[in-house]
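# A closer look at the structure
As a plain string of letters, each chain reads:
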Amino acid sequence: MLRKLYDWTMDKAAHRHAVWWLAFFCFVEASFFPIPPHPLLGLMCLAEPKKAIRFALVATLASVAGALLGYAIGWGLYDTVGVRLIGALGLTDSFPVAACHLRKYDFEAILIAGATPVPFKLLTITAGFVGMNLVSFVLSSLFARALIFVTVGVLFRVFGAPIKRVIDKYLGLVTTAFVVLLVGGVLVLTTLSGSGSDKSDPCAAATTVKAGG
């Protein structure tokens with residue numbers, strides 16, 4: 001079923017309203033849709049490299065708007081809608097870990113999730129559930145989504161079709177490395193200034209439970 005859903009999504013790259021489909025998929029992916037929009041963005045940029053940056057900006061803004069929907073679900077509808085979404089996406093075990101890290105790292109956690117393979121929807125729903133500061137949430141989501149989508153757009157705009165193979169193979173690694181370098185120092189300082197080797201750290205405990213499950 002997921003394969004068919006993926007194929008249906010990718011077919012929209014050739015649709016005459018492809019930009020609107022891109023915006024739609026970026027919006028819903030940030031809150032509940034299981035198929036990431038990156039391959040669709042790549043196909044559209046491949047077909048029209050001169051419009052790549054425009055496509056990337058559409059993807060970024062739509063994804064941030066979708067992130068606000070995810071936040072709203074976590075904030076006001078978690079018991080009725082959010083818990084079912086998390087379960088349907090297979091993220092139930094990851095939820096307590098995400099909640100712990102959001103309470104602890106806030107901006108940095110959203111930044112990492114938005115620009116790496118971590119499911120962004122998990123963090124958007126969880127951010128609403130834990131009551132993350134809305135301004136911080138929007139800014140971190142905007143920066144993270146722009147990092148990965150605009151990177152794709154710029155690369156296609158500058159290098160055209162030949163860059164596709166490089167993006168397919170290395171984009172995740174490059175953006176992950178950049179985010180780790182950007183926030184790694186902050187996380188380390190935060191950890192060291194906390195309780196040192198605190199064995200009662202709830203995030204560590206949640207991670208242990210997840211690993212054991």
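Look up: the structure comes first, before these words.
The shown structure was predicted, so the numbers you read here are calculated from the model rather than taken from an experiment.

## Let's talk about the overall build of the chain
- Each helix and strand counted, the chain has eleven helices and zero strands in total.
- Starting at the N terminus and walking to the C terminus, you meet the elements of the chain as α-α-α-α-α-α-α-α-α-α-α.
- Each of the 213 residues in the chain was classed as buried or not, and the buried ones make up 42%.
- Restricting to contacts in the chain with at least 6 residues of sequence separation, those with at least 24 account for 78%.
- Put simply, the chain shows about 11,300 Å² of open surface, and 69% of that area lies on carbon and sulfur atoms.

## Re the packing of aromatic side chains
- One pass over the full model with this rule turns up ten aromatic pairs.
- Measuring from ring centre to ring centre gives 5.6 Å for Trp-21 and Phe-25, while their planes differ by 25 degrees; the resulting arrangement is stacked. Taken as a pair, Trp-21 and Phe-25 lie in helix H2 (residues 18–29) at a separation of four residues, close to a single helical turn.
- On the basis of relative accessibility, which here comes to 23%, the residue Trp-21 falls in the partly exposed class.
- Between Tyr-78 and Phe-129, the ring centres sit 4.7 Å apart and the planes meet at 55 degrees, which makes this aromatic pair tilted. Separated by 51 residues along the polypeptide, Tyr-78 in helix H5 (residues 78–88) and Phe-129 in helix H8 (residues 120–130) bring together distant segments of the chain.
- Residue Tyr-78 is classed as buried on the basis of its relative accessible area, which comes to 12%.

## Quick word on the nonpolar core
- Leu-22, Leu-41, Met-44, Cys-45, Phe-55 and Phe-149 are the most contacted members of the largest nonpolar core, which totals 24 residues.
- Elements supplying a minimum of two residues to this core: H2, helix H3 (38–47), helix H4 (52–76) and helix H9 (134–159).
- Per element, the largest residue contribution to this core is seven residues, and it comes from H2.
- Dropping the residues within four chain positions of it, Phe-149 is found in contact with Cys-26, Pro-37, His-38, Leu-41, Ala-56, Ala-59, Thr-60 and Ser-63.
- Ranked by size, the runner-up nonpolar core spans 22 residues in total, among them Ile-73, Phe-95, Met-132 and Phe-137.

## Quick notes on the pattern of salt bridges
- Applying the stated criterion to the full structure yields three salt bridges.
- Across the pair Glu-48 and Lys-51 runs a salt bridge whose closest N-O atoms are separated by 3.2 Å.
- By relative accessible area, Glu-48 is classed as partly exposed at 35%.

## Considerations on a nonpolar patch on the surface
- A contiguous nonpolar surface patch, about 440 Å² in accessible area, is contributed by Ile-53, Leu-57, Val-154, Val-158 and Phe-159.
- At the level of secondary structure, the elements contributing two or more residues to the nonpolar patch comprise H4 and H9.
- Residue contributions to the nonpolar patch peak at three residues, all from H9.

## Here's the deal with the packing of helix H6 (residues 95–105) against H8
- Packing of H6 against H8 leaves a shortest axis separation of 9 Å and a crossing angle of 65 degrees. The hand of the H6/H8 crossing is right-handed. Judged by residue contacts, Phe-95, Ala-98, Ala-99, Leu-102 and Arg-103 of H6 engage Leu-122, Leu-123, Thr-126, Ala-127, Phe-129 and Val-130 from H8.

## Digging into the side chain of Glu-29
- Turning to its location among the elements, Glu-29 is positioned in helix H2.
- Engagement of the side chain of Glu-29 in a polar contact is seen with the side chain of Arg-145, the distance being 3.4 Å.
- With residues near it in sequence (within four places) discarded, Glu-29 still touches Ile-35, Pro-36, Pro-37, Lys-121 and Arg-145.

## Some words on H6
- By the burial criterion, the buried members of H6 are Phe-95, Val-97, Ala-98, Ala-99, Cys-100, Leu-102 and Tyr-105.
- In the stretch just after H6, Asp-106 is the one whose phi turns positive, near 55 degrees.

## Observations concerning the environment of Val-135
- Summarising the element assignment, Val-135 is placed in helix H9.
- Of the residues examined, Val-135 reaches a relative accessible area of 56% and is grouped as exposed.
- Sequence spacing of Val-135 and Phe-107 is 28 residues, and the spatial spacing of their C-alpha atoms is 9.9 Å.

## With respect to the environment of Ala-14
- Position of Ala-14 among the secondary structure elements: in the loop between helix H1 (2–11) and H2.
- Remark: the alpha-carbon pair of Ala-14 and Met-44, spanning 30 residues in sequence, is separated by 7.8 Å.

Here is what the cut-offs are and how they apply
Residues numbered from 1 in each chain as written. Predicted model: local features only at pLDDT ≥ 70, side-chain atom pairs only at ≥ 80, totals over all residues. Heavy atoms only, no water. Helix = DSSP H or I, 4+ residues; strand = E, 2+ residues; numbered from the N terminus. Buried < 20%, exposed > 50% of the residue type's maximum accessible area, 1.4 Å probe, protein only. Contact = heavy atoms within 4.5 Å. Areas by Shrake-Rupley, 256 points an atom, 1.4 Å probe, with all protein chains shown as cover. Phe/Tyr/Trp six-rings, centres within 6.5 Å; stacked < 30°, edge-to-face > 60°. Core = buried A, V, L, I, M, F, W, Y, C linked by side-chain atoms within 4.5 Å. Salt bridge = Lys/Arg side-chain N within 4 Å of Asp/Glu carboxyl O. Patch = residues over 30% accessible without salt bridge, like charges linked within 9 Å, V, L, I, M, F, W, Y side chains within 5 Å. Axes fitted to C-alpha atoms, helices over the stretch in contact; angles between N-to-C directions. Left-handed = near helix turned anticlockwise from the far one by under 90°. Polar contact = N/O pair within 3.5 Å; in protein donor to acceptor, adjacent residues only side chain to side chain.

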